[in-house]
Amino acid sequence: MAEANGKVMTAKEAIEKFVCDGEELVIGNYTVGSCAELVYEIVRQRKKGFTLYSQSGIFDVEVLVAGGCVDRLVTTYVMRSGGKKGGSAVERALNAGTLQIEDYTNFEYNARLVAGMHGFSFMQVLEGVIVTDIFKKRGFMGDDKFRVIQCPYTGKAILTVPAANPDVCVIHVQRADAEGNAQYWGAMGSVAAAALASKKIIVSCEEIVDHAIIESSPHLTIIPAYRVQAVVEAPWGAHPTEVLGYYNVDTFMYNGIFTAAAATAEGLAAWMDEWVYSCPTRADYIDHYIERFGTEALDELRAKPFYSAPANYGSAFHSHWDREGKERTMGVTLPELEKLLRERGKMYE
């Protein structure tokens with residue numbers, strides 16, 4: 001449910017408000033736990049004209065391309081099952097000339113996002129790629145795909161890639177609080193960098209939890225609240241991919257149903273009619289899954305508990321100020337401290 005003036009909203013509300021046609025969009029997840037519900041909602045709303053960033057073009061990229069949402073794709077890998085002769089919405093779009101692609105290695109793709117995350121304009125990468133077609137073949141980025149510059153310290157010619165700062169990141173995590181502090185664990189890849197390099201972040205999560213839970217495990221927070229525009233609670237929001245601690249990959253749904261359907265444009269269109277357009281929410285999607293395959297099939301995917309050992313984050317006290325409002329080492333209140341600093345010429349107003 002949406003909260004008045006808050007960040008918690010439905011997928012429909014979040015995509016309507018924060019994703020615009022023609023933007024640079026990045027799928028934050030890398031191979032596992034993809035943000036399926038957010039991707040499906042983008043398709044349902046017929047958003048279009050994106051330059052899409054994805055380190056691993058699995059079913060999520062195929063669905064966005066099949067939905068007519070993507071004009072340009074920056075990636076390191078696309079499923080393209082069936083090779084050049086079929087089985088892939090991306091391959092069909094490339095052959096039809098409706099999609100342009102720019103190909104990087106995993107290292108270079110990550111370097112672009114890391115540069116964007118840190119506010120750099122470029123990042124140095126390994127020169128070995130210069131002898132490959134990754135470097136030689138340029139798509140819509142042209143000369144800006146790579147540039148060779150002179151190192152100001154050594155004079156050596158170094159290879160660089162430009163920073164990436166997508167307009168919006170869609171990402172799925174295990175849990176978040178209502179303010180947007182998002183916690184993720186498992187295979188990281190470019191997950192954190194993709195989010196933090198972006199101008200807007202939409203987080204979907206398996207569950208929204210109390211802030212106290214977030215505070216108890218600060219090392220799991222990869223996205224701070226102040227960077228997040230919207231929080232969407234979406235149980236099973238990454239299905240058919242896995243979410244560590246919640247459920248496994250659904251190989252039957254992924255390989256037996258989706259991949260088989262994606263072999264042809266007609267098959268993929270029928271799959272999307274059934275699983276994307278006819279299921280306006282993730283709850284509807286899961287209800288339809290249960291109708292088709294039964295509750296037992298879904299329950300079989302649920303993760304068995306395997307907890308990490310708790311870490312002690314305790315301290316003697318949590319503030320330099322005691323219960324009486326006095327600074328612990330000097331024994332003075334804040335007004336008294338300010339007065340002392342003024343007298344010594346150490347405070348400027």
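Keep in mind it's a predicted model, so treat the numbers as computed, not measured.

Q: Help me out: how do you make sense of the layout of surface pockets in this one?
A: Empty space among the atoms becomes visible once a probe the size of a water molecule is rolled across them. Counted as a void, the largest pocket has a volume near 780 Å³. Forming the boundary of the largest pocket are 26 residues, of which R175, W185, F306, Y307 and S308 lie nearest the centre. Among the residues forming the lining of the largest pocket, the class breakdown is 16 nonpolar, six polar and four charged. Counted as a void, the second largest pocket has a volume near 330 Å³. Forming the boundary of the second largest pocket are 17 residues, of which T10, A11, V232, E233 and T281 lie nearest the centre. Tallied by class, the residues present in the lining of the second largest pocket amount to ten nonpolar, two polar and five charged.

Q: Got a minute to help me understand helix α5 (residues 106–118) in this structure?
A: Side chains three or four residues apart in an α-helix point the same way, a direct result of the helix having 3.6 residues per turn. In this model, α5 (13 residues) spans 18 Å end to end at C-alpha, consistent with the 18 Å of a helix rising 1.5 Å per residue. When α5 is considered as a whole, its buried residues turn out to be E108, Y109, N110, A111, R112, L113, A115 and G116. Downstream of α5 by a residue or two, G119 has a phi angle that is positive, lying close to 80°.

Q: Explain the side chain of S217 to me, please; I cannot follow it from the model alone.
A: Examined against the element boundaries, S217 turns out to sit in the loop between α8 (211–216) and β11 (221–223). For S217, the residues in contact, after removing those within four places along its chain, are R175 and Q183.

Q: I tried to follow the pairing of strand β7 (residues 157–162) on my own but got confused; where do I start?
A: Consecutive side chains along a regular strand alternate between the two faces of the sheet. Where strand β5 (residues 122–125) and β7 come together, four bridges link them in antiparallel fashion. Paired with Q124 across the strands is T160, a residue of β7. Examined bridge by bridge, strand β6 (residues 147–150) and β7 share four bridges and lie antiparallel to one another. Paired with Q150 across the two strands is A157, which belongs to β7.

Q: It is not clear to me how unusual backbone geometry should be interpreted in this structure. Could you clarify?
A: For residues besides glycine, phi is generally negative; the peptide bonds are generally trans as well. With an omega dihedral of 20°, the bond running from H239 to P240 counts as a cis peptide bond. Looking at where P240 falls in the secondary structure, it is placed in the loop between β12 (230–233) and α9 (251–261). Its identity as a non-glycine residue notwithstanding, R46 has a phi of 60°, on the positive side. Tracing the backbone shows R46 in the loop between α2 (36–44) and β2 (50–54). At W236, a residue that is not glycine, the phi angle is positive and equals roughly 65°. By secondary structure assignment, the location of W236 is in the loop between β12 and α9. A relative accessible area of 9% places W236 in the buried class.

Q: I tried to follow the pairing of strand β8 (residues 168–176) on my own but got confused; where do I start?
A: Burial analysis of β8 places nine of its nine residues in the buried class, which makes it a mostly covered element. Here strand β1 (residues 24–27) runs beside β8; their pairing, made up of three bridges, is parallel. Each bridged residue has a counterpart across the sheet, and for I27 the counterpart in β8 is V170. Here eight bridges tie β8 to strand β10 (residues 200–208), and the two strands are oriented parallel to one another. Within β10, the residue paired with R175 across the bridge is E207. What sits between the antiparallel neighbours β8 and strand β9 (residues 182–183) is a turn of five residues, in which G180 has the positive phi angle 110°.

About the criteria used
Throughout this description, residue numbers start from 1 for each chain and increase along the sequence as written. The predicted nature of this model means local features are confined to residues of pLDDT at least 70 and side-chain atom pairs, given and counted, to a pLDDT of 80 or more, with totals for whole chains, interfaces and linings taken over all residues. Side-chain numbers here rest on the full set of heavy atoms in the structure, without hydrogens or water. Think of a 1 Å grid over just the protein atoms. A cavity is a set of points where a 1.4 Å probe fits yet cannot get out, a pocket is an open set with protein on both sides within 12 Å along at least five of seven lines, and lining residues have an atom within 4 Å of a point. Grid points are joined across faces, edges and corners, and a volume is the space filled by probe spheres set on the points. All residues other than Ala, Val, Leu, Ile, Met, Phe, Trp, Tyr, Cys, Pro, Asp, Glu, Lys and Arg, Gly among them, are scored as polar; the first ten of these are nonpolar and the last four charged. In this text, helices come from DSSP runs of H or I with a minimum length of four residues, and strands from runs of E with a minimum of two, each type numbered from the N-terminal end. One less than the residue count of a helix, multiplied by 1.5 Å, gives the span that helix is expected to have. Accessible area is worked out with a 1.4 Å probe on protein chains only. A residue is then buried under 20% of its type maximum, exposed over 50%, and partly exposed in between. In what follows, a contact means two residues having at least one pair of non-hydrogen atoms within 4.5 Å. For two strands to be treated as a pair, DSSP must find no fewer than two bridges joining them.

The values reported here are purely geometric and, on their own, carry no functional implication.
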